[in-house]
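Architecture and fold: a report
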Amino acid sequence: MDAGGDFYDVLLLDDGTVGAVIGDVQGHNVAAAALMGQARTAVHATAGPRPGEVLARTNKVITDLDPGLFVSCVYAQIDLHEQLLSVASAGHPPPILRTLPGHAEVLDVPPGLLLGIDAAADYPAITVPFPPESVLAFYTDGLVEKPGIDIAESTAALAGHIAAAECSDVDHLADAVVRLASPQTDDIALLLMRSKGRPMP
């Protein structure tokens, strides 16, 4: 069974705060799919504190399970009132943030250890502005890993594509981004969030 372990979710934490997560479990089998469900449940159970704490608590859960597999993950908390984005990473490809038409940057988030390696691992977070009409892109490595191409180079190319794209419709943007991965060699998960300048992502 070639079951993948990519997952994503968006959580409404309160009327002005949203959590978002994307992750990728090592392997393509039933064990990977099962751990994906456990990781997603752990994020739900621990969501609320700062992103680094959410990942640290989720990591403790996965390490205690001792599944023999590891998980890459990015968790973000968006404060819609203050228009701020806080992000922490567990060895996952970095998010891309577009704040202006024609400008998108790969966020410099400390990578942290993959979940499931060290129960005491620390996950530092960064906080950046998230103004109205911004677009935040989370993705798994299947979107940027290509044979013979450096992953930093393909990630920069993805940021350039998002910068140049028409972002009024995130469904169309998602279709255009996924087409960049053709031909596909791995599972892909993509989560796009656009700030509309009112209390919702």
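Below is a summary of the structure that appears in this document. Given the structure is predicted, the values throughout are model-derived calculations rather than measurements.

Definitions and cut-offs
- Residues numbered from 1 in each chain as written.
- Predicted model: local features only at pLDDT ≥ 70, side-chain atom pairs only at ≥ 80, totals over all residues.
- Heavy atoms only, no water.
- Helix = DSSP H or I, 4+ residues; strand = E, 2+ residues; numbered from the N terminus.
- Rg over C-alpha atoms; globule rule 2.2 N^0.38 Å.
- Buried < 20%, exposed > 50% of the residue type's maximum accessible area, 1.4 Å probe, protein only.
- Contact = heavy atoms within 4.5 Å.
- Areas by Shrake-Rupley, 256 points an atom, 1.4 Å probe, with all protein chains shown as cover.
- Lys, Arg positive; Asp, Glu negative; His and termini not counted.
- Charge placed at Lys NZ, Arg CZ, Asp CG, Glu CD.
- Pairing = 2+ DSSP bridges.
- Arc of directions from axis to C-beta.
- Polar contact = N/O pair within 3.5 Å; in protein donor to acceptor, adjacent residues only side chain to side chain.
- Expected span 1.5 Å × (residues − 1).

Focus: the overall build of the protein chain
The helix and strand inventory of the protein chain stands at four helices and nine strands. Ordering the α and β elements of the protein chain from the N terminus gives β-β-α-α-β-β-β-β-β-β-α-α-β. Its C-alpha radius of gyration of 16 Å places the protein chain within 12% of the 17 Å reference for a compact globule of 201 residues. With the C-alpha coordinates of the protein chain rotated into their principal frame, the extents come out at 45 × 40 × 25 Å. Taking all 201 residues of the protein chain together, the buried fraction comes to 46%. Summarising the internal contacts of the protein chain: among those between residues at least 6 apart in sequence, 66% fall at separations of at least 24. A total accessible area of about 9400 Å² is found for the protein chain, and carbon and sulfur atoms account for 54% of it. Seen as two clouds, the 10 positive and the 26 negative side-chain charges of the protein chain have centres 7 Å apart.

Examining the pairing of strand E3 (residues 71-79)
Across the nine residues of E3, eight count as buried, placing the element largely inside the fold. Bridge count for strand E2 (residues 17-25) against E3 is nine bridges, and the pairing is antiparallel. Paired with glycine 19 across the bridge in E3 is glutamine 77. The sheet contact formed by E3 and strand E4 (residues 84-90) spans seven bridges and is antiparallel. Pairing of aspartate 79 across the sheet is with leucine 84, part of E4. With antiparallel pairing between neighbouring strands as the criterion, E3 and E4 make up a hairpin whose turn holds four residues, including glutamine 83 at a positive phi of roughly 55°.

Section: helix H4 (residues 170-179)
Considered for burial, the residues of H4 that qualify are Leu173, Ala176 and Val177. Buried residues of H4, seen end-on, are gathered within an arc of 100° and therefore sit on one face of the element. Those residues of H4 that are exposed and aimed more than 90 degrees away from the buried face are Asp171, His172 and Arg179. In this fold, the buried residues of H4 make contact with strand E8 (135-139), helix H3 (151-164) and strand E9 (190-194). The N-cap of H4, judged by a side-chain oxygen 2.8 Å from the amide nitrogen of aspartate 171 a few residues on, is aspartate 169.

A look at helix H1 (residues 30-46)
Over its 17 residues, H1 runs 25 Å from end to end, which matches the ideal 24 Å to within 8%, given 1.5 Å per residue. Among all positions in H1, only Ala32, Leu35, Ala39, Ala42, Val43 and Thr46 are buried. Around the axis of H1, the buried residues are gathered within 100° of arc, so they sit on the same side. More than 90 degrees from the buried face of H1, the exposed residues found are Val30, Thr41 and Ala45. Along its buried surface, H1 packs onto strand E1 (6-14), E2, helix H2 (51-65) and E3. Positive phi shows up at glycine 48, right after H1, with a value of about 135°.

Here's the deal with the pairing of strand E5 (residues 96-100)
Bridge analysis of E5 against strand E6 (residues 103-106) gives four bridges, and the strand direction is antiparallel. Bridge pairing in E6 places leucine 97 opposite glutamate 105. Bridge analysis of E5 against E8 gives three bridges, and the strand direction is antiparallel. The residue bridging leucine 97 from the neighbouring strand is leucine 136, located in E8.

Describing the environment of alanine 159
By secondary structure assignment, the location of alanine 159 is in helix H3. For alanine 159, a relative accessible area of 5% gives the class buried. Once you skip the residues sitting within four places of it in the chain, alanine 159 turns out to touch Ile96, Ala104 and Val106.

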